[in-house]
Amino acid sequence: MVAPAVVHLNPEKYENPLNFNPWRWEGQDLHSGSKTFMAWGSGTRLCVGAEFAKLQIAIFLHHFVSKYRWSVTKGGDFIRRPSLIFPNGLHIDIEEK
Ligand code: HEM
């Protein structure tokens, strides 16, 4: 069994894996058999909803950053175990621009 988050945070695979850097996968092998990128699983069990989910995420983020302002009001501490957990939640105020 493989924990994808552990692979994605491996400093031997990615430079400064804890830094926010969406471009870190640019030029990497992202195919279904990749051993360095497996957010959608791998091989025959690859997520069937991956393309749908990516489209939804892109549409959501586009509208979220272009039409709304937000600020963190409470919480936001996080623990990597290895997936991300917010023990006190992450409360945000959202308002239309
Ligand atoms: C951010 C969103 C998503 C992530 C990160 C994600 C991730 C994954 C991962 C890692 C697996 C492999 C699990 C394993 O190896 O046992 C998987 C499988 C699967 N996902 Fe997703 N998924 C997402 C969204 C979706 C959506 C939106 C759908 C359906 C509309 C979906 C349907 C499935 C199905 C049916 C499988 C099982 C595939 C199989 O075993 O043949 N997923 N997903």
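Computed from a predicted model, the values in this text were never measured in an experiment.

**Concerning the side chain of Ser34**
And then number 1: Its location among the elements puts Ser34 in the loop between helix H1 (4-8) and helix H2 (50-67).
And then number 2: Overall, Ser34 belongs to the buried group, its relative accessible area being 3%.
And then number 3: Only 3.1 Å separates the side chain of Ser34 from the backbone nitrogen of Thr36, close enough to count as a polar contact.
And then number 4: From its side chain, Ser34 meets the backbone nitrogen of Phe37 in a polar contact 3.1 Å long.

**Some details on the site of the ligand**
And then number 1: Residues in close proximity to the ligand include Ala39, Trp40, Gly41, Thr44, Arg45, Leu46, Cys47, Val48, Gly49, Phe52 and Ala53, which together make up its full environment.
And then number 2: For the ligand, an oxygen atom lies 2.4 Å from a polar atom in the side chain of Arg45.
And then number 3: Here the residues of the shell around the ligand are counted per class, giving 7 nonpolar, 3 polar and 1 charged.
And then number 4: Taken together, domain 1 (1-46) and domain 2 (48-97) each give at least three residues to the shell around the ligand, which thus spans both.

**A short note on the domain arrangement of the protein chain**
And then number 1: In terms of domains, the protein chain is made up of domain 1 (1-46) and domain 2 (48-97).
And then number 2: The gap between the C-alpha centroids of domain 1 and domain 2 is 20 Å.
And then number 3: The interface is formed by 7 residues belonging to domain 1 together with 8 residues belonging to domain 2.
And then number 4: Both faces considered, domain 1 and domain 2 share a buried interface measuring about 540 Å² in area, 76% of it formed by carbon and sulfur atoms.

**Observations regarding the pattern of salt bridges**
Think of it this way: side chains of opposite charge can pair up when their charged atoms draw near.
And then number 1: Across all of its chains, the model carries 1 salt bridge by this definition.
And then number 2: Residues Lys54 and Glu51 are paired through a salt bridge, measuring 3.0 Å at the closest nitrogen-oxygen approach. A residue pair is termed a helical-turn pair when its members lie 3 or 4 positions apart in one helix, as Lys54 and Glu51 do in helix H2 at 3 residues.
And then number 3: Residue Lys54 is classed as partly exposed on the basis of its relative accessible area, which comes to 37%.

**Digging into a nonpolar patch on the surface**
And then number 1: There is a patch of nonpolar side chains on the surface, built from Val65, Tyr68, Trp70, Val72, Phe78, Leu84, Phe86, Leu90, Ile92 and Ile94 and spanning about 900 Å² of accessible area.
And then number 2: Secondary-structure elements contributing two or more residues to the nonpolar patch are strand S1 (68-75) and strand S4 (90-96).
And then number 3: Assignment of secondary structure puts Leu84 in strand S3 (residues 84-85).
And then number 4: A relative accessible area of 48% places Leu84 in the partly exposed class.

**Comments concerning the side chain of Thr36**
And then number 1: Assignment of secondary structure puts Thr36 in the loop between H1 and H2.
And then number 2: According to the relative accessible area criterion, Thr36 is buried, its value standing at 17%.
And then number 3: Residues within four places of Thr36 in sequence aside, it is in contact with Val7, His8, Lys13, Tyr14, Trp25, Gln28 and Asp29.

How each quantity is defined
Throughout this description, residue numbers start from 1 for each chain and increase along the sequence as written. Reporting of local features is limited, given that this is a predicted model, to residues whose pLDDT is at least 70; pairs of side-chain atoms are given and counted only at 80 or more, and all residues count toward the totals for whole chains, interfaces and linings. For the side-chain quantities, the full set of heavy atoms in the structure was used; hydrogens and water were omitted. Helix and strand labels come from DSSP, where a helix needs a run of H or I of at least four residues and a strand needs a run of E of at least two; each type is numbered from the N terminus. For every residue, the accessible area obtained with a 1.4 Å probe (protein chains only) is divided by the maximum for its type, and the residue is called buried under 20%, exposed over 50%, and partly exposed between those limits. Polar contact is the term for a pair of N or O atoms within 3.5 Å; when the atoms are in protein, one must be able to donate a hydrogen and the other to accept it, and sequence-neighboring residues count only if both atoms are side-chain atoms. Here, proximity means that at least one heavy atom of the residue falls within 4 Å of the molecule or strand. Classes in brief: Ala, Val, Leu, Ile, Met, Phe, Trp, Tyr, Cys and Pro nonpolar; Asp, Glu, Lys and Arg charged; the others, Gly included, polar. Domain segmentation is taken from an automatic or database assignment of domains. Between two residues, a contact is recorded if the distance between any of their heavy atoms is within 4.5 Å. Buried surface area refers to the total accessible area, computed with a probe of radius 1.4 Å, that the two partners give up upon joining, counted for both partners together. The salt bridge definition used is simple: a Lys or Arg side-chain nitrogen within 4 Å of an Asp or Glu carboxyl oxygen. Patch definition: residues with relative accessible area over 30% and no salt bridge; like charges joined within 9 Å; nonpolar side chains (Val, Leu, Ile, Met, Phe, Trp, Tyr) joined within 5 Å. Only the protein chains shown count as cover for residues, and the accessible areas themselves come from Shrake-Rupley with a 1.4 Å probe.

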